[in-house]
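Reading the structure
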Amino acid sequence: MDSRQLEYFVAVAEELSFTRAAQRLFTVQSTVSAAIRALETDLRTTLFDRSTRRVTLSTAGAALLPEAKAALEALDRARSVVEEASTGLRGNLRIGTMTRLGMVNLAPLLGAFHRKYPLVDVQVTTSPTGSSGLADDVRHGRLDVALLGLPPAELSGLDARELAAVPFGVLVPPSHRLAGRASVTLKELAGERFVDMLRGFGNRRMVDQAFERAGIPRQVQVEVPDLSEVPEYVRAGLGIAVVPDVAPTVPDVVHLRLSEPELAWTLSVATIAGRAPSRAVVALQELLADAARSDHF
């Protein structure tokens with residue numbers, strides 16, 4: 001058994017496809033298949049149940065997966081310690097974030113990180129399914145760290161550090177019946193049509209849950225994948241919105257305070273639970289925490 005075989009095994013186990021695993025590892029399928037067969041021969045067991053239509057982990061494969069991941073991470077940590085001692089912090093850092101995250105000016109933060117640690121290869125990606133998709137990517141090892149906007153109850157399997165929390169507000173057009181108010185409650189929004197994010201996004205999930213707890217039906221008329229688009233649809237008169245107070249301000253849209261103090265949108269930086277983060281991840285977490293403490297978001 002060698003580290004390359006374990007790497008191939010983990011890729012197939014996560015992708016449940018020899019073809020996708022080969023693409024992920026920038027190799028050919030025959031190489032991956034040969035490595036898995038050699039590993040199965042060495043371990044004298046079958047790691048995958050294969051058919052013409054699907055690949056699934058066998059009982060033995062499921063037992064090996066966490067151990068294989070732990071072994072590869074231990075090797076990576078050992079390699080990183082030696083490399084850092086001789087040349088400085090290095091490695092790969094896969095970061096997930098939400099689209100147009102107004103609370104955090106991520107580009108200059110990562111620019112500062114790159115200048116401090118030029119040997120760390122930083123990759124940044126967003127998820128079309130919002131924070132829920134990013135959380136799943138961290139849980140399954142596709143991301144090393146992610147910026148999430150999920151409530152604490154939906155952070156299972158993750159180690160999450162809160163960076164900031166902001167209240168929700170209500171956006172209405174100037175002609176709306178509530179436009180002259182300074183604040184409103186959820187119950188006063190009953191019967192309205194709403195503009196909101198897609199269902200996988202953390203702020204949408206929090207608002208949906210708040211209305212459900214209050215026993216108020218809610219009709220979402222317009223769903224968009226980007227928070228910056230929400231005020232435009234409100235201005236067009238297609239609905240009102242309950243959004244975190246990081247939504248952009250646009251003309252002809254009135255912002256009201258939401259009198260629901262328990263409803264707050266939390267920004268967290270998350271890694272997979274039960275596994276020591278790499279030195280690069282720790283360095284990024286410290287940079288984000290310093291930015292939050294100094295209010296440089």
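Rules used in this analysis
- Residues numbered from 1 in each chain as written.
- Predicted model: local features only at pLDDT ≥ 70, side-chain atom pairs only at ≥ 80, totals over all residues.
- Heavy atoms only, no water.
- Helix = DSSP H or I, 4+ residues; strand = E, 2+ residues; numbered from the N terminus.
- Expected span 1.5 Å × (residues − 1).
- Buried < 20%, exposed > 50% of the residue type's maximum accessible area, 1.4 Å probe, protein only.
- Contact = heavy atoms within 4.5 Å.
- Core = buried A, V, L, I, M, F, W, Y, C linked by side-chain atoms within 4.5 Å.
- Phe/Tyr/Trp six-rings, centres within 6.5 Å; stacked < 30°, edge-to-face > 60°.
- Salt bridge = Lys/Arg side-chain N within 4 Å of Asp/Glu carboxyl O.
- Axes fitted to C-alpha atoms, helices over the stretch in contact; angles between N-to-C directions.
- Parallel < 35°, antiparallel > 145°, perpendicular 65-115°, else oblique.
- Nonpolar A, V, L, I, M, F, W, Y, C, P; charged D, E, K, R; others polar.

Bringing helix α9 (residues 279–293) into the picture now. Each α-helix winds once per 3.6 residues, and so residues spaced three or four apart point in a common direction. With 15 residues, α9 ought to run about 21 Å at 1.5 Å a step, and its terminal C-alpha atoms sit 21 Å apart, in line with that. When α9 is considered as a whole, its buried residues turn out to be A280, V281, A283, L284, Q285, L288, A289 and A291. Its buried side turned inward, α9 meets β3 (90–97), α5 (106–116), β4 (119–126), β5 (145–148), β6 (158–172) and β12 (264–272).

Another aspect to go through is the nonpolar core. One broad trend across soluble globular proteins is that nonpolar side chains are buried collectively. Of all hydrophobic cores here, the largest spans 54 residues; its most connected members are L93, V170, L189 and V242. Setting aside residues no more than four positions away along its own chain, V242 makes contact with F168, G169, V170, L189, F194, D196, V207, F211 and L258. Core analysis: the next-biggest nonpolar cluster, separate from the first, contains 22 residues, A22, L25, V32 and L64 among them.

Bringing the side chain of S268 into the picture now. Looking at where S268 falls in the secondary structure, it is placed in strand β12. Given the relative accessible area of 5%, S268 is considered buried.

So, on to the packing of aromatic side chains. What the rule picks out here adds up to four aromatic pairs. With centroids separated by 5.5 Å and ring planes inclined at 50°, the aromatic side chains of F9 and F48 adopt a geometry described as tilted. Linking F9 in helix α1 (residues 3–15) with F48 in strand β1 (residues 48–50), this pair joins segments that are 39 residues apart in sequence. Just as F9 is buried, F48 falls in that class too.

This paragraph deals with the pattern of salt bridges. According to the stated counting rule, one finds 18 salt bridges in the structure shown. The partner of R24 in a salt bridge is E14, with the nearest N and O atoms 2.5 Å apart. Taken together, the residues R24 in helix α2 (residues 18–24) and E14 in helix α1 connect sequence positions ten residues apart. Salt bridges sharing common partners tie together E14, E15, R20, R24 and K69.

Here the focus is the side chain of S131. Mapping S131 onto the fold places it in helix α6 (residues 130–139). The exposure class of S131 is buried, given its relative accessible area of 0%. In this view, S131 contacts M98, L148, G149, L150, G200, F201 and G202; residues no more than four positions away in its chain are not counted.

Right, let's talk about unusual backbone geometry for a bit. Even without glycine at this site, L16 takes up a positive phi of about 50°. Relative to the helices and strands, L16 resides in the loop between α1 and α2. For R44, which is not glycine, the phi dihedral falls at a positive 55°. Relative to the helices and strands, R44 is located in the loop between α3 (29–43) and β1. Assessed through its relative accessible area of 80%, R44 is described here as exposed.

Turning to the environment of H176, a few remarks are in order. Within the element layout of this structure, H176 appears in the loop between β6 and β7 (183–184). For H176, the residues in contact, after removing those within four places along its chain, are E192 and I240.

Turning our attention to the packing of α1 against α3. Two packed helices can be described by the angle between their axes and the distance between those axes. Two elements in contact, α1 and α3, have axes separated by 9 Å at closest approach and are oriented at 110°. Relative to α3, the element α1 is oriented roughly perpendicular. For the pair α1 and α3, contact is made by Q5, Y8, F9 and V12 and by T31, V32, A35, I36, A38 and L39, respectively. Here the contact of α1 with α3 is composed, by residue class, of eight nonpolar, two polar and no charged.

Keep in mind these values describe shape, not function.
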